[in-house]
Amino acid sequence: MSKNVLVIGASRGIGKELVKQFAAKGLETIGFARSLKNSSENKIHYIHLDLLSPTVKSDFEQAISGIHQIDYLVHNAGFIAVKPFLELSREDIQNCYQVNVMSVMEITQVCIPKMKPGGHIVMISSIGGFQGSSKFPGLAAYSTSKAALVSLTELLAEEFKNSGISINCLCLGAVQTEMMEEAFPGYKAPHQPDEIAEFIVDFTLNHGKYFHGKIIPVSISNP
Ligand SMILES: NC(=O)c1ccc[n+]([C@@H]2O[C@H](COP(=O)([O-])OP(=O)(O)OC[C@H]3O[C@@H](n4cnc5c(N)ncnc54)[C@H](OP(=O)(O)O)[C@@H]3O)[C@@H](O)[C@H]2O)c1
């Protein structure tokens, strides 16, 4: 039976490339996002999921009720707010934490009981959430939430150290995606989404046996 992978945040940017590349490697690939409609093509299954919904855990549980084993899980969804700290609204802060941290925790709670030794959970964080990296003004809500994802990785790695499931975190540098273009118009990132997706796919499928609880900066310039 072919292995499967769940990609959270699969409608655009890096996630859109991830689902294409996982499927091209023969995995049953299930991609989730708010703007996706439920549909299937070849090995890709798209499922609508809104991570901002207060019922996200039960919605996700329902959506994957027919899946009995999960091999790989990539938490790629992200929400960014770029505003001076004094102008951040409660909603800006809540949205960053809900999408980037809370939904990750709730979805992982649903997935871990369905995972077996050899499984791999990959958190997609940001170099801005990596301790000691250069920081940028306007990213207090986003980068602190990505730092929480770093800490969550270390905590889950400890709690599940005897499970045989690897849990790691990639802290990405700048990638030329819609998020980047909306947040920093005109900025030219050193990597395209398909390039970074190639790295994430390889890391997810082939490196879980070498890394556990690791926070890996994937950046050529920072820190
Ligand atoms: N691009 C960069 O330079 C960069 C750098 C460091 C880290 N990262 C991280 O890499 C990941 C991918 O980034 P990207 O640049 O590809 O971002 P993107 O183009 O904005 O894509 C983000 C994905 O997350 C999904 N998402 C956001 N809010 C959601 C919600 N409420 N419910 C369901 N899905 C939701 C989006 O789907 P919908 O649009 O359908 O909601 C989309 O598929 C993120 O975690 C980001 O923080 C990116």
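Refer to the preceding data block for the structure.
The following refers to the structure shown. Position numbers for residues start from 1 in each chain and track the written sequence from start to end. Local features are withheld for residues below a pLDDT of 70 in this predicted model, meaning they are given only at 70 or higher, and side-chain atom pairs are given and counted only at 80 or more; totals for whole chains, interfaces and linings count all residues. The basis for every side-chain value is the complete set of heavy atoms in the structure, and neither hydrogens nor water enter the calculation.

1. Looking at the site of the ligand
Piece 1. Residues are labelled near a given molecule or strand when at least one of their non-hydrogen atoms is within 4 Å of it. In the neighbourhood of the ligand, 30 residues make up the surrounding shell, with Ser-35, Asn-76, Tyr-142, Val-175 and Thr-177 lying closest.
Piece 2. N or O atoms within 3.5 Å of each other form a polar contact, as long as, within protein, one can give a hydrogen and the other can take it, and as long as residues adjacent in sequence are counted only when both atoms are side-chain atoms. In the environment of the ligand, an oxygen atom lies 2.8 Å from a nitrogen or oxygen atom belonging to the side chain of Ser-11.
Piece 3. Starting from 890 Å² of accessible surface for the ligand in isolation, the protein chains cover 95%.
Piece 4. We count a stretch as a helix when DSSP gives it H or I for four or more residues in a row; a strand needs E for two or more, and each element gets its number in order from the N terminus. Elements with a minimum of two residues in the shell around the ligand: helix 1 (13-24), strand 6 (115-126), helix 4 (140-159) and helix 5 (178-183).
Piece 5. Each residue gets one label: Ala, Val, Leu, Ile, Met, Phe, Trp, Tyr, Cys and Pro are nonpolar, Asp, Glu, Lys and Arg are charged, and the others, such as Gly, are polar. In the shell around the ligand, the residues fall into 15 nonpolar, 10 polar and five charged. Note that accessible areas follow from Shrake-Rupley with a 1.4 Å probe, and for residues the cover is restricted to the protein chains shown.

2. Some words on the state of the cysteines
Piece 1. Sulfur atoms of two cysteines make up a disulfide when they are within 2.5 Å. Within the structure shown, the criterion is met by zero disulfides.
Piece 2. Here Cys-169 stays unpaired: no disulfide links it, and the sulfur of Cys-171, its closest cysteine neighbor, is 4.3 Å away.
Piece 3. Whether a residue is buried, partly exposed or exposed follows from its accessible area with a 1.4 Å probe, protein chains only, as a fraction of its type maximum: under 20%, in between, or over 50%, in that order. Using a relative accessible area of 0% as the deciding quantity, one classes Cys-169 as buried.
Piece 4. On the basis of relative accessibility, which here comes to 0%, the residue Cys-171 falls in the buried class.

3. Examining the nonpolar core
One recurring pattern in soluble globular proteins is that nonpolar side chains are buried together.
Piece 1. In terms of nonpolar packing, the biggest core is built from 34 residues, with Leu-6, Phe-32, Phe-60 and Met-123 touching the most fellow members.
Piece 2. Sorting the residues of this core by element identifies strand 1 (4-8), strand 2 (28-33), helix 2 (56-63), strand 5 (70-75), helix 3 (90-111), strand 6, helix 4 and strand 7 (166-172) as the ones contributing at least two each.
Piece 3. For this core, the element with the most residues is helix 3, which contributes five residues.
Piece 4. Contact criterion: two residues are considered in contact whenever any of their non-hydrogen atoms come within 4.5 Å of each other. Discounting chain neighbours no more than four positions away, the residues touching Leu-6 are Ile-30, Phe-32, Phe-60, Ile-64, Ile-70, Tyr-72, Leu-73, Val-74 and Cys-111. By nonpolar core we mean a set of buried residues, namely Ala, Val, Leu, Ile, Met, Phe, Trp, Tyr and Cys, connected to one another through side-chain atoms within 4.5 Å.

4. What about the pairing of strand 1?
Piece 1. With respect to burial, strand 1 is a largely interior element, five of its five residues being buried.
Piece 2. With burial as the criterion, each face of strand 1 is covered, one bearing Asn-4, Leu-6 and Ile-8 and the other bearing Val-5 and Val-7.
Piece 3. We treat two strands as partners when DSSP finds at least two bridges between them. Across five bridges, strand 1 lies against strand 2 in parallel orientation. The partner of Val-5 across the bridge, within strand 2, is Thr-29.
Piece 4. Crossover connection from strand 1 via helix 1 to parallel strand 2: handedness right-handed.
Piece 5. Where strand 1 lies against strand 5, four bridges are found, and the strand directions are parallel. Bridging across to strand 5, Ile-8 finds its partner in His-75. For crossovers, right-handed means that the path from the first strand over the helix to the second runs clockwise, given strands pointing away from the viewer.

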